[in-house]
Amino acid sequence: MNPIKVGVIGCGNISSIYLENARRFDSFEIVAVADIQEARAKQQAEKYNVKRVLSVEEIIADAEVELILNLTIPSVHAEIAKKALEAGKHVYGEKPLTATLEQGREVLQLAQEKGLFVGNAPDTFLGGAHQTARHLIDSGEIGTPVSATAFMMNHGHEHWHPDPAFYYEVGAGPMFDMGPYYLTALVHMIGPAKRVTASTGVAQKTRVISSQPKAGEKIEVKTPTQINGIIDFENGAIASIITSFDTWYHRLPFIEVYGTKGSLSVPDPNHFGGDVHLRTEGDREWRVVPSRFEHEDNSRGIGLADMATAIQEGRSIRPSGELAFHVLEMMHGFHYASKKGTHYELTSTCEQPAVFQMLKTQDR
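Definitions and cut-offs
- Residues numbered from 1 in each chain as written.
- Predicted model: local features only at pLDDT ≥ 70, side-chain atom pairs only at ≥ 80, totals over all residues.
- Heavy atoms only, no water.
- Pairing = 2+ DSSP bridges.
- Helix = DSSP H or I, 4+ residues; strand = E, 2+ residues; numbered from the N terminus.
- Contact = heavy atoms within 4.5 Å.
- Axes fitted to C-alpha atoms, helices over the stretch in contact; angles between N-to-C directions.
- Core = buried A, V, L, I, M, F, W, Y, C linked by side-chain atoms within 4.5 Å.
- Buried < 20%, exposed > 50% of the residue type's maximum accessible area, 1.4 Å probe, protein only.
- Polar contact = N/O pair within 3.5 Å; in protein donor to acceptor, adjacent residues only side chain to side chain.
- Salt bridge = Lys/Arg side-chain N within 4 Å of Asp/Glu carboxyl O.

J.: Describe in detail the pairing of strand 8 (residues 193-201), supporting the description with residues and values.
T.: Where strand 8 lies against strand 11 (residues 226-233), eight bridges are found, and the strand directions are antiparallel. The partner of Ala193 across the bridge, within strand 11, is Phe233. As judged from the two bridges shared by strand 8 and strand 17 (residues 344-345), these two strands associate in the antiparallel manner. Directly across from Val196, in strand 17, lies its bridge partner Tyr344.

J.: Before we move on, can you summarise the sheet that holds strand 15 (residues 276-280) with the specific residues and values?
T.: Strand order across the open sheet formed by nine strands is 16-15-14-13-7-12-11-8-17, with mixed pairing between neighbours. Looking at which strands have only one partner, the edges of the open sheet turn out to be strand 16 (287-289) and strand 17. With seven bridges connecting them, strand 7 (residues 145-153) and strand 12 (residues 238-244) associate as parallel partners. Counted as the bridge partner of Met152 is Thr243 from strand 12. Against the sheet, helix 7 (residues 173-190) touches strand 7, strand 11, strand 12, strand 13 (255-259) and strand 14 (262-266), its axis set at about 155° to strand 7. Sheet strands touched by helix 9 (residues 321-340): strand 8, strand 11, strand 12 and strand 17. Its angle to strand 8, the strand with the most contacts, is close to 45°.

J.: Could you give an account of the nonpolar core, naming the residues involved and the relevant values?
T.: By size, the foremost hydrophobic cluster in this structure holds 109 residues, and its most contacted members are Phe28, Ile231 and Leu264. Examining the composition of this core, we find that eleven residues originate from one element, helix 7, more than from any other. Setting aside residues no more than four positions away along its own chain, Leu264 makes contact with Ala133, Leu136, Ile137, Ile142, Ile255, Glu256, Val257, Val276, His277, Leu278 and Trp286.

J.: Can you tell me about the sheet that holds strand 1 (residues 4-9), naming the residues and giving the values?
T.: Strands sit in the order 3-2-1-4-5-6 across an open sheet of six strands; the sheet is parallel. Among the strands making up the open sheet, the edge pair consists of strand 3 (52-53) and strand 6 (118-120). The pairing of strand 1 with strand 2 (residues 28-34) spans six bridges and is classified as parallel. Paired with Gly7 across the bridge in strand 2 is Ala32.

J.: I'd like a description of the side chain of Asp232, backed by residues and values.
T.: With respect to the helices and strands, the residue Asp232 is situated in strand 11. By relative accessible area, Asp232 is classed as buried at 10%. There is a polar contact of 2.6 Å between the side chain of Asp232 and the side chain of Arg195. Setting aside residues up to four positions removed in sequence, Asp232 forms contacts with Ala193, Lys194, Arg195, Ala237, Ile238 and His343.

J.: Talk me through the pattern of salt bridges; I want residue IDs and the actual numbers.
T.: Inspection of every chain in the model, using the stated rule, returns 21 salt bridges. Residue Lys82 pairs with Glu106 through a salt bridge whose shortest N-O separation is 2.8 Å. Linking Lys82 in helix 4 (residues 77-86) with Glu106 in helix 5 (residues 101-114), this pair joins segments that are 24 residues apart in sequence. Given the relative accessible area of 30%, Glu106 is considered partly exposed. Because the salt bridges share partners, they merge into one network encompassing Asp306, Glu313, Arg315 and Arg318.

Okay, structure coming up:
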């Protein structure tokens, strides 16, 4: 089949890995780039040998472009997605799907009306480590999943990021920044959720930037920086999740899944590879399970490749808009539940993503 023609909107830092990895996949081809800063778009086009630099309006209207890769900032994700869908383009975006739930519903409804596909990052769950973890669960190695834990804990971005204020605005914070990786990984392994609850807090109302070039400037914290949540899954499993910008040090795992026959420790869901550890009933210690699948390096763009293939084959997308919306609702649900002192009953669900990769030859 001919590759799907892709136009990129947004040529910031994250665009580099997509443009670099595009040459690895046969299902799509990047044919044009656009950015509100034309010089930045020209720089990326020259570096990665993209033939055309267009304005945002031009790339959405371009007859050759079939799919828009939306790498803009979260606050304009919905605006770009809706314009692209109205123009008859499929859309694949960076996380989160949109800033608000209402925007997410509008995007998905419009795509359905137009008969178009919406896909969304993260796609790290398609990597070798996380496919290995999914394979072990599906194979019954730990029995039936009963519970899980997920921890993303650090002390924020003002110590290293050149412009960290965004991470403390409404709609950001540790949950909206990193939660999509952890929650998507949990849904991939366990399935969709039915309700969530949480307690949230802010340890510091202002923060002082120590990184360059804005060292010394103060940041007003406008969003919770400590979120301790509980997830009830549709299949009965229960998970605890902590996302924090208020933690200096810890020794907690990234993700663990506990079943009726054993336990599974899963590496950082922000990456595609890493060691998967397994300990089953009767084992005296944990053991590393070698990855049984490909794509353990930085394979960002593999979700876009899966989407392009799905368009060609007329099947479901693994990193789907429905999955991204379900995760978005969970994140908003944590904050709502804490504010209201209640459980938040999810209105959305999604398909548990289908297994992505075939076992390596030696493991079949």
